[in-house]
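Observations on chain architecture
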Amino acid sequence: QVQLVESGGGLVQAGGSLRLSCAASGRIFSSYAMGWFRQAPGKERDFVAGINWRGKSTYNLDSVKGRFTISRDNAKNTVLLQMNSLEPEDTAVYYCAARPGIVVPTHRDNYDYWGQGTQVTVSS
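This report concerns the structure included in the present document. In this text the structure is predicted, and so the values were computed from the model without any measurement.

Topic: a nonpolar patch on the surface
Taken together, the side chains of W53, I102 and V103 define a hydrophobic patch exposed on the protein surface, amounting to about 270 Å² of accessible area. Structurally, V103 can be placed in the loop between β9 (92-100) and β10 (113-114). The exposure class assigned to V103 is exposed, which follows from its relative accessible area of 53%.

Right, here's the structure in full:
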């Protein structure tokens, strides 16, 4: 079992930055692929970024290219999402997700564990 707890969300003006953190329980965190998703009201939960246990990252380039950076610290069981140049369209609940293995899926159905989410609101 893996438990995930997100933090770092909040209200920020357009152009600002936030750093989301996902703390994971479990001694085998280092063998898991991790992903960040987001869900805006009335929309589906979409893939934002993912990272495998070796630190190789994958991004949904259409939405966050050049603005978001995902990283992980296996010693601290933590995954971070640094979000810069935020836009009102980035407003959503952001979720951390995990699945065992090296592959980083981009669809929500392929993840086994989820956090409770953290709200990010970007004002114009």
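Remarks on the sheet that holds strand β3 (residues 18-24)
In spatial order, the strands read β1-β3-β8-β7; together these four strands make up an open sheet with antiparallel pairing. Pairing within the sheet leaves two strands with one partner each, and these edge strands are β1 (4-7) and β7 (68-73). Here the average twist between neighbouring strands, direction ignored, is 15°.

Description of the environment of R19
Relative to the helices and strands, R19 resides in strand β3. Linking R19 and S7, residues twelve residues apart in sequence, is a C-alpha distance of 8.6 Å. Among residues more than four places away in sequence, those in contact with R19 are S7, G8, L80, L81 and Q82.

Here's the deal with the pairing of β7
Judged by which residues are buried, β7 turns out to be one-sided: F68, I70 and R72 face inward and are buried, whereas T69, S71 and D73, on the alternate face, are not. Pairing geometry for β7 and strand β8 (residues 78-83), over six bridges, is antiparallel. Paired with S71 across the bridge in β8 is L80. Connecting the antiparallel pair β7 and β8 is a turn made up of four residues, with N77 showing a positive phi of about 55°.

Rules of the game
Residues numbered from 1 in each chain as written. Predicted model: local features only at pLDDT ≥ 70, side-chain atom pairs only at ≥ 80, totals over all residues. Heavy atoms only, no water. Patch = residues over 30% accessible without salt bridge, like charges linked within 9 Å, V, L, I, M, F, W, Y side chains within 5 Å. Areas by Shrake-Rupley, 256 points an atom, 1.4 Å probe, with all protein chains shown as cover. Salt bridge = Lys/Arg side-chain N within 4 Å of Asp/Glu carboxyl O. Helix = DSSP H or I, 4+ residues; strand = E, 2+ residues; numbered from the N terminus. Buried < 20%, exposed > 50% of the residue type's maximum accessible area, 1.4 Å probe, protein only. Pairing = 2+ DSSP bridges. Axes fitted to C-alpha atoms, helices over the stretch in contact; angles between N-to-C directions. Contact = heavy atoms within 4.5 Å.

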